[in-house]
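Next come the chains, spelled out residue by residue.
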Amino acid sequence: MPFINFATKEINCKIVYYGPGLSGKTTNIKWIYDHIKPENKGEMITLATETERTLFFDFVPIEVSNVKGFKVRFHLYTTPGQIIYQASRKLILKGVDGVVFVADSQEERHDANLDTLDDMLDNLKEYDIDINELPLVFQYNKRDLPNILPVEVLRRDLNRWNRPDFEAVATKGIGVLETFKEITRQVLKKLKK
Amino acid sequence: MLTLRPEEDEKLRKLLTELNRESKSKIVLLIDKSGQLISRSESPAFSSDDITFASLTAGNVAASEALSKLLGDKNLNHMFTETEEEGIYMILIDGKYILVSIFNKSVSNLGIVRVKIKKYYKKLVDLLRQIESRIEEESSIAEQLNVEDIDLDTLFE
Ligand SMILES: Nc1nc2c(ncn2[C@@H]2O[C@H](COP(=O)(O)OP(=O)(O)OP(=O)(O)O)[C@@H](O)[C@H]2O)c(=O)[nH]1
Ligand SMILES: [Mg+2]
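Let us look at the structure shown here.

Thresholds applied
Throughout, residues of each chain are indexed from 1 in the direction in which the sequence is written. Lettering for chains starts from A, numbering for ligands starts from 1, and both go in the order in which the items are written. Residues qualify for local features only when their pLDDT is at least 70, as the model is predicted, and side-chain atom pairs are given and counted only at 80 or more; totals for whole chains, interfaces and linings, by contrast, use all residues. With hydrogens and water set aside, each side-chain value is computed from the structure's full complement of heavy atoms. In this text, helices come from DSSP runs of H or I with a minimum length of four residues, and strands from runs of E with a minimum of two, each type numbered from the N-terminal end. Each residue is assigned to one of three classes by its accessible area relative to the maximum for its type, calculated with a 1.4 Å probe on protein chains only: buried under 20%, partly exposed between the two thresholds, exposed over 50%. Contacts are assigned to residue pairs that have any heavy atoms within 4.5 Å of one another. Residues scored as charged are limited to Lys and Arg (positive) and Asp and Glu (negative), so that His and the chain ends carry no count. We put the charge of a Lys on NZ, of an Arg on CZ, of an Asp on CG and of a Glu on CD. DSSP-based pairing: two strands are paired if at least 2 bridges between them are found. With axes taken as lines fitted to C-alpha atoms, and helix axes fitted only over the stretch in contact, angles between N-to-C directions fall between 0 and 180 degrees. Directions are taken from the helix axis to each C-beta atom, and the arc is the one they span. We define a salt bridge as a side-chain nitrogen of Lys or Arg found within 4 Å of a carboxyl oxygen belonging to Asp or Glu. In protein, a polar contact means a hydrogen-donor-capable atom and an acceptor-capable atom, both N or O and within 3.5 Å, with residues adjacent in sequence counting only if both atoms are side-chain atoms; elsewhere, any N or O pair within 3.5 Å suffices. When an angle is under 35 degrees it counts as roughly parallel; over 145 it counts as roughly antiparallel; between 65 and 115 it counts as roughly perpendicular; any other value is oblique. Residues were grouped as follows: Ala, Val, Leu, Ile, Met, Phe, Trp, Tyr, Cys and Pro as nonpolar; Asp, Glu, Lys and Arg as charged; and all remaining residues, including Gly, as polar. Lining residues are those with an atom within 4 Å of a point, where the points come from a 1 Å grid over the protein atoms alone and group into cavities, where a 1.4 Å probe fits but cannot get out, or pockets, open sets with protein on both sides within 12 Å along at least five of seven lines. Grid points are joined across faces, edges and corners, and a volume is the space filled by probe spheres set on the points.

Before going further, it helps to examine the overall build of chain B. Helix and strand content of chain B: 3 helices and 6 strands. Ordered by position in the sequence, the α and β elements of chain B form the string β-α-β-β-α-β-β-β-α. In terms of overall dimensions, chain B has a C-alpha envelope of 50 × 40 × 35 Å along the principal axes. Relative to its full complement of 157 residues, chain B shows a buried share of 50%. Looking at chain B alone, contacts between residues at least 24 apart form 56% of all its contacts between residues at least 6 apart. Positive and negative side-chain charges of chain B, numbering 21 and 28 respectively, have mean locations separated by a distance of 12 Å.

This is how it looks when you write it as structure tokens:
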């Protein structure tokens, strides 16, 4: 749910990176955080295990000012992809304004992609969020690895709503910005409706 | 969608600032359960990142709520965390918002904070409900927004 303050002229929106364990969600928002100008970002929070698996969430606040109007603040969250953290994933989706689904392109992770998408659909339903109305972008990550599925297969199985989608190598920043820009574009567009 | 009009923003901030002063807190914050900072007391001395603080608080409260549900308890009402020097008291408002007081333990204490929150609780709930019903009556806010010319490219170096 966006929060707009007409006194301070601020718009706040929540964007969640969802996807199976190790698909590269944290890598995505870490890359964004590392490449954004200091004056446009707040403090990054990482709640992770000792082996750098997300335990609860990562959080990055980003601020964009435009000259005439409002300051927009995007709150980026990642969910923990591991199956055991199902309850936490649901909590993080609360009040979401846009979702980036980060899929792992590797063949052996495709079942995990599908299960996680089901899990996301269940959680959205519990919050009464209609996926057809929700800003949504797909990212097929880890395109640098050898045993990957063709994009057409990933698109057919995951992107059933024909939303914008991108190939990515998040560790090198490839596709990361494109994905981020697309989801922010959709979220802002929905605000205007 | 939650929106605040300038006069509402001012009322909220005034209320939180009064509560902050009377409870001798360092800062009082009002957060929504999804992690957005809605308003805060005027506390120039508070130097931590309040946006990030809000996000963590909401996560903390959400996890504790889920825990208490798991234990068969219906509702979580409030919680308290402390560091060596500071106390952080969080209370749910109307099931939708979180009010947080951060206080220095050598300046205030949990008892004072709770008594003062009790004093302002109804005022705060009334104000929030007023805002909610104003939002419901309002039609579109789209024409008041000017987000088209936001240039994301300027964000990155
Ligand atoms: N080869 C390759 N490795 C990647 C890519 N993106 C991420 N990784 C690696 O995959 C591992 C997991 O990445 P994370 O970003 O931590 O994954 P996550 O989705 O946050 O995982 P959870 O927090 O457990 O849900 C790390 O070792 C990354 O360096 C990629 O595009 N290519
Ligand atoms: Mg992670």
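Okay, back to it.
Turning to the sheet that holds strand β3 (residues 37–40) of chain B, a few remarks are in order. Residue and element names in this part refer to chain B. Spatial ordering of the open sheet is given by β3-β2-β6-β5-β4, a layout of 5 strands whose pairing is antiparallel. Two strands lie at the open edges of the sheet, namely β3 and β4 (78–82), each paired on one side alone. Adjacent strand axes in the sheet meet at a mean angle of 20 degrees, parallel and antiparallel pairs treated alike. The pairing of β4 with strand β5 (residues 86–93) spans 5 bridges and is classified as antiparallel. Among the inter-strand pairings, H78 is bridged to a residue of β5, identified as I91.

Our next topic: helix α4 (residues 151–158) of chain A. All names here are of chain A. Taken as a whole, α4 has its buried residues at V151, L154, D157 and L158. What you see down the axis of α4 is that its buried residues fit within an arc of 140 degrees, all on one side. What points out from α4, more than 90 degrees from its buried face, is the exposed set E152 and R156. Summarising the contacts, the buried residues of α4 are in contact with β6 (98–104), α3 (110–126), β7 (136–141) and β8 (165–167).

Attention now moves to the interface of chain B and chain A. Quoted interface sizes are often the accessible area lost when the parts come together. Across the contact, 39 residues belong to chain B and 47 residues belong to chain A. Where chain B touches chain A, the interface holds 0 salt bridges. Scanning the region where chain B abuts chain A turns up 10 residue pairs in polar contact (both at pLDDT 80 or more). Mapped by element, the contributors of at least two residues to the side of chain B that touches chain A are β1 (2–4), α1 (6–22), β3 and α2 (50–70) of chain B. In terms of residue count, α2(B) provides more of the side of chain B that touches chain A than any other element does, 8 residues in total. Of the strand pairs in this sheet, strand β1 (residues 3–5) of chain A and β1(B) are connected by 3 bridges, and their pairing is parallel. Looking across to β1(B), one finds that N5(A) is bridged to L4(B).

Residue and element names in this part refer to chain B. Between α1 and helix α3 (residues 110–137), the least distance of the axes is 9 Å, while the angle of their chain directions is 175 degrees. When the axes of α1 and α3 are compared, the pair comes out roughly antiparallel. On the side of α1, the interface is formed by E8, K11, L12, L15, E18, L19 and E22, while α3 contributes I112, K116, I117, K119, Y120, K123, L124, L127, L128, Q130, I131 and R134. Its residues placed into classes, the contact of α1 with α3 shows 10 nonpolar, 1 polar and 8 charged.

Further remarks concern the layout of surface pockets. In this structure, the largest pocket encloses a volume near 560 Å³. Taken together, 21 residues line the largest pocket, and the ones lying closest to its centre are D97(A), E133(A), L134(A), P135(A) and K190(A). Here the lining of the largest pocket is built from residues that sort into 10 nonpolar, 3 polar and 8 charged. Taken as a whole, the second largest pocket encloses approximately 480 Å³ of empty space. Lining the second largest pocket are 19 residues, with A87(A), L91(A), A62(B), E65(B) and A66(B) sitting closest to its centre. Those elements that place two or more of their residues in the lining of the second largest pocket are α2 (86–93) of chain A together with α2 of chain B. No other element matches the 10 residues that α2(B) contributes to the lining of the second largest pocket. For the lining of the second largest pocket, the residue count by class is 12 nonpolar, 2 polar and 5 charged.

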